[in-house]
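Fold and geometry: a report
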Amino acid sequence: MSKKYWLFKTEKSTWSWENQVARGDTGEEWDGVRNYQARNFMREMKVGDQGFFYLSQRDRVIVGIVEVITVAHPESSTEDQRWECVDIKAIKSLPTPVSLDQIKADPRLAEMVLVKNSRLSVQPVKEDEWRIVCDLGGLSPEHCRPLD
DNA sequence: GCCAACGTTGGC
DNA sequence: GCCAACGTTGGC
């Protein structure tokens, strides 16, 4: 089963890239998602899948790469059994953050969920989209692909 | 700060 | 099960 790619959206004021990096290899629960579609994507995730870390609202930029380190499990922060999340850890910062403007300006990325359905907070990224954004961000392909 | 788009809720 | 009303998200 091959690795998949995702995008995790957050607001800087709620959970910043600096917060995520500070958690190191311990990672952090991606909690607080209250949307079934987004939750269902997290249920599809496998350990080792990778994702972009995107800042919404004022920033509108992809700043880093994260890796999924647990499969979906009930959130520790709520008793509500409906909500599950994965844990993720920071892998690396993008040498050149990639802005939403850049993504929208690139015809190769016109089908990204980020463009098509801007409100979805956890979303899948196609492999070719992943490579293109990594390239725009200054990462060589071997650095943004899962190791095995 | 505005508002379009989307998701959820609840009355019928 | 439909859909109007409402709440939230996030780009602008």
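Reading guide: rules and limits
Residues numbered from 1 in each chain as written. Chains lettered and ligands numbered in written order. Predicted model: local features only at pLDDT ≥ 70, side-chain atom pairs only at ≥ 80, totals over all residues. Helix = DSSP H or I, 4+ residues; strand = E, 2+ residues; numbered from the N terminus. Buried ≥ 20, exposed ≤ 12 C-beta atoms within 10 Å, placed from the backbone. Near = placed C-beta within 6 Å. Nonpolar A, V, L, I, M, F, W, Y, C, P; charged D, E, K, R; others polar. Core = buried A, V, L, I, M, F, W, Y, C linked by C-beta atoms within 7 Å. Contact = placed C-beta atoms within 7 Å. Arc of directions from axis to C-beta. Pairing = 2+ DSSP bridges. Axes fitted to C-alpha atoms, helices over the stretch in contact; angles between N-to-C directions. UniProt positions renumbered as here; feature names shortened; annotations may be inferred.

1. Quick look at unusual backbone geometry
With a phi angle near 65 degrees, Gln-57 is a residue other than glycine that sits in the positive phi range. Locating Gln-57 in the fold gives a position in the loop between β3 (50-55) and β4 (61-68). Even without being glycine, Arg-60 reaches a positive phi, approximately 50 degrees. Judged by the 16 C-beta atoms lying within 10 Å of it, Arg-60 is partly exposed.

2. Let's talk about the protein's contact with DNA strand B
Surrounding DNA strand B, one finds Asn-35, Tyr-36, Gln-37, Asn-117 and Arg-119. The residue inventory of the surface near DNA strand B, partitioned by class, reads one nonpolar, three polar and one charged.

3. Concerning the nonpolar core
The nonpolar side chains of a soluble globular protein tend to be buried with one another. Formed by 35 residues in total, the largest nonpolar core has its most connected members in Trp-6, Phe-8, Met-42, Phe-52, Phe-53 and Ile-62. Only β1 (5-10), α2 (36-44), β3, β4, β7 (87-99), β8 (122-125) and α5 (127-136) provide two or more residues apiece to this core. Per-element accounting of this core gives the leading share, six residues, to β4. Among all residues touching Phe-53, those that are not within four sequence positions of it are Phe-8, Trp-17, Gln-20, Ile-62, Val-63, Gly-64 and Val-66.

4. Re the protein's contact with DNA strand C
As a matter of local geometry, DNA strand C sits amid Lys-9, Ser-56, Gln-57, Arg-60, Leu-100, Ser-118, Arg-119 and Ser-121. Here the surface near DNA strand C is built from residues that sort into one nonpolar, four polar and three charged.

5. Side note on α5
Since one α-helical turn is 3.6 residues long, residues separated by three or four positions face the same way. Taken together, the buried positions of α5 are occupied by Glu-129, Trp-130, Val-133 and Cys-134. Relative to the axis of α5, the buried residues are bounded by an arc of 130 degrees and lie together on one face. Counted as exposed and oriented over 90 degrees from the buried face of α5: Glu-127 and Asp-128. With its phi angle positive at about 90 degrees, Gly-138 sits one or two positions after the end of α5.

6. Here's the deal with the sheet that holds β3
The strand order β2-β7-β4-β3-β1-β8 describes an open sheet built from six strands, whose pairing is mixed. Edge strands, defined here as strands with exactly one partner in the open sheet, are β2 (28-29) and β8. Pairing of β1 with β8, which is carried by four bridges, proceeds in the antiparallel orientation. In the sheet register, Trp-6 faces β8, and the bridge partner there is Pro-124. Sitting on the sheet, α2 touches β1 and β8, and the angle it makes with β8 is about 55 degrees.

7. Structural notes on the UniProt feature "domain: EVE" (unreviewed entry) in chain A
When the UniProt feature table is mapped onto this chain, "domain: EVE" (unreviewed entry) is found at residues 4-135. Annotated as residues 4-135, this span is 26% helix and 33% strand, and its ends, taken at the C-alpha atoms, are 18 Å apart.

8. Topic: the environment of Ala-110
If you trace the backbone, Ala-110 turns up in the loop between α3 (100-105) and α4 (113-116). A sequence separation of 19 residues divides Ala-110 from Glu-129, and the C-alpha atoms of the two residues are 9.6 Å apart.

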